[in-house]
Amino acid sequence: MADPNVSLSMPEIATQHMGGDHDTCYNDLGTKQVIVGICAMEKKSRSKPMREILTRLEEFEYIHAIVFPEDVILNEPVENWPICDCLISFHSKGFPLDKAVAYSNLVRPFIINDLHMQYDIQDRRKVYSILQQEGIELPRFAILDRDSLETKCNDDLVEGDDHVEVKGEVFNKPFVEKPVSAEDHNIYIYYPTSAGGGSQRLFRKIGSRSSVYSPESRIRKTGSYIYEDFMPTDGTDVKVYTVGPDYAHAEARKSPALDGKVERDSEGKEIRYPVILNNAEKLIARQVCLAFKQTVCGFDLLRANGKSYVCDVNGFSFVKNSMKYYDDCAKILGNMILRELAPQLHIPWSMPFQLDDPPIVPTTFGKMMELRCVVAVIRHGDRTPKQKMKMEVKHPKFFEIFEKYDGFKDSHVKLKKPKQLQEVLDISRYLLGEIEQKPDPEIEEKKSKLEQLKAVLEM
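Residues numbered from 1 in each chain as written. Predicted model: local features only at pLDDT ≥ 70, side-chain atom pairs only at ≥ 80, totals over all residues. Heavy atoms only, no water.

Hey, could you go over the sheet that holds strand β8 (residues 157-159) for me, with residue numbers and the actual values?
Taken together, three strands build an open sheet; the order of strands is β8-β9-β10 and the sheet is antiparallel. Every interior strand has two partners, whereas the edge strands, β8 and β10 (169-172), have only one. Pairs of neighbouring strands in the sheet enclose a mean axial angle of 15°, with direction left out of account. Inspection of the sheet shows β8 paired to strand β9 (residues 163-166) by three bridges, in the antiparallel sense. Paired with Leu157 across the bridge in β9 is Val166. (Pairing = 2+ DSSP bridges. Helix = DSSP H or I, 4+ residues; strand = E, 2+ residues; numbered from the N terminus. Axes fitted to C-alpha atoms, helices over the stretch in contact; angles between N-to-C directions.)

Encoded structure:
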């Protein structure tokens, strides 16, 4: 349920039912509006990210959002569900996806996240197959399908002390064992005996824990699993959130495979770190969004060995705490919905030109421009600045040392060795001594320059 201490205006809970003509919605000026229906379990439709985004969607003049009551979704036939022009619907635990598909077939609304593909997202085998077809990098993997009638024998699996062989593919420890059902988050990582053996058992976060260590080193003997190479990351997972193929927000969190302790801030929220995606990762985000036909889509990236690998696709996912993301998400979805439906519903809307719009954000002091980034060019400061001294020399002793080190051959000479520098120091001392005893017009070098040269070489 929504936090009672959070004050956010919410779209109304839908009460209209199908029956007869489409109930047209109008704004205060009497202009027709697009009805956007939110069909999801109450825990999701009433979550803070959803409320933030729907509140911003309601700021569009020609959009009106309604939330389908969970009781209606679970207990009413789809003929009694509210009518909408655009449907935002996604699967979570307990959600009747079959009914959502039936409703979509009946009403034919504009769909934000394809419903049929949400069946595939629940099966990691199909997810990996789709990713392979798109040419997206995956960890090396093999599927042990104990549920299939074709693989009832144990010939597909050979387990050793420090490896497992699945259908001829050998995976040395450490390797990862994932249930084929994406709804099952009990993922195990098995360690080699040289690292102490045992396994790290990952699960959905419970309080401040996301995994625990177990001394058990043998793989599970029942159920179907995907076995894959363990990818050596820097201890973080990258979470990517798309809103259409051209927008991706990314952030990193501490990997649950480390010690299983969830890092939380003073408010109890999991700590996330901002991440800038490289060009290859942006292309991956676009490919995942289009391949799974999920406008709003979350997936996990592993950065290892100089590459980025997709290890999971979660489907409909929102960023938890980012006002910037909420603004961008609502703007993209609102424009997408109106671009598709405004002409059909004869709504006088035109796509706004926003290329040069300044980033204005609301604050406690009114609306102000938001600083999006700081670009700095910084040079290292761990070098001592060069100390140069120019001195014109004419005394024969300087020409002797110039000739001694082949200066006439190369037209220049570099003296760096201690013995060479000592010779120069001896000359400067000799000339200064001569100047002190009797001024000699044959010594044309300036006394101040000779003293400076002597001081530097004596340091």
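How would you explain helix α7 (residues 279-291) if you had to name every residue and give the values?
An ideal rise of 1.5 Å per residue puts 18 Å on 13 residues; α7 measures up with 18 Å between its terminal C-alpha atoms. For α7, the complete set of buried residues consists of Glu281, Ile284, Ala285, Val288, Cys289 and Ala291. Against the buried residues of α7 lie α5 (117-121), α6 (124-133), β16 (236-243), β17 (248-254), β19 (296-304) and β20 (307-315). Where α7 starts, the residue carrying a side-chain oxygen 3.1 Å from the main-chain nitrogen of Ala280 turns out to be Asn278. Note on α7: the residue one or two positions beyond its end, Lys293, has a positive phi of about 55°. (Expected span 1.5 Å × (residues − 1). Buried < 20%, exposed > 50% of the residue type's maximum accessible area, 1.4 Å probe, protein only. Contact = heavy atoms within 4.5 Å. Polar contact = N/O pair within 3.5 Å; in protein donor to acceptor, adjacent residues only side chain to side chain.)

Hey, could you go over the environment of Pro256 for me, with residue numbers and the actual values?
Relative to the helices and strands, Pro256 is located in the loop between β17 and β18 (273-274). Pro256 sits in the buried class, given a relative accessible area of 10%. Along the primary structure Pro256 and Val212 are separated by 44 residues, whereas in three dimensions their C-alpha atoms are 9.1 Å apart. Excluding residues within four positions of it along the chain, Pro256 makes contact with Gln200, Leu202, Ser210, Ser211 and Asp237.

Provide a residue-level description of a positive patch on the surface, including the pertinent values.
On the surface, Lys43, Lys44, Lys93, Arg204 and Lys320 cluster together to form a positively charged patch. Along the chain, Arg204 turns up in strand β13 (residues 199-206). (Patch = residues over 30% accessible without salt bridge, like charges linked within 9 Å, V, L, I, M, F, W, Y side chains within 5 Å. Areas by Shrake-Rupley, 256 points an atom, 1.4 Å probe, with all protein chains shown as cover. Salt bridge = Lys/Arg side-chain N within 4 Å of Asp/Glu carboxyl O. Lys, Arg positive; Asp, Glu negative; His and termini not counted. Charge placed at Lys NZ, Arg CZ, Asp CG, Glu CD.)

Give a detailed account of the packing of helix α9 (residues 396-404) against helix α11 (residues 418-437), specifying residues and quantitative values.
In the contact formed by α9 and α11, the axes pass within 10 Å of each other and the chain directions differ by 170°. With respect to their mutual orientation, α9 and α11 come out roughly antiparallel. Crossing hand, α9 versus α11: right-handed. Across from Lys397, Phe398, Ile401 and Lys404 in α9, the residues of α11 making contact are Gln420, Glu423, Val424, Ile427, Tyr430 and Leu431. Grouping the amino acids of the contact of α9 with α11 by side-chain chemistry returns six nonpolar, one polar and three charged. (Parallel < 35°, antiparallel > 145°, perpendicular 65-115°, else oblique. Left-handed = near helix turned anticlockwise from the far one by under 90°. Nonpolar A, V, L, I, M, F, W, Y, C, P; charged D, E, K, R; others polar.)

None of this, on its own, says anything about what the molecule does.
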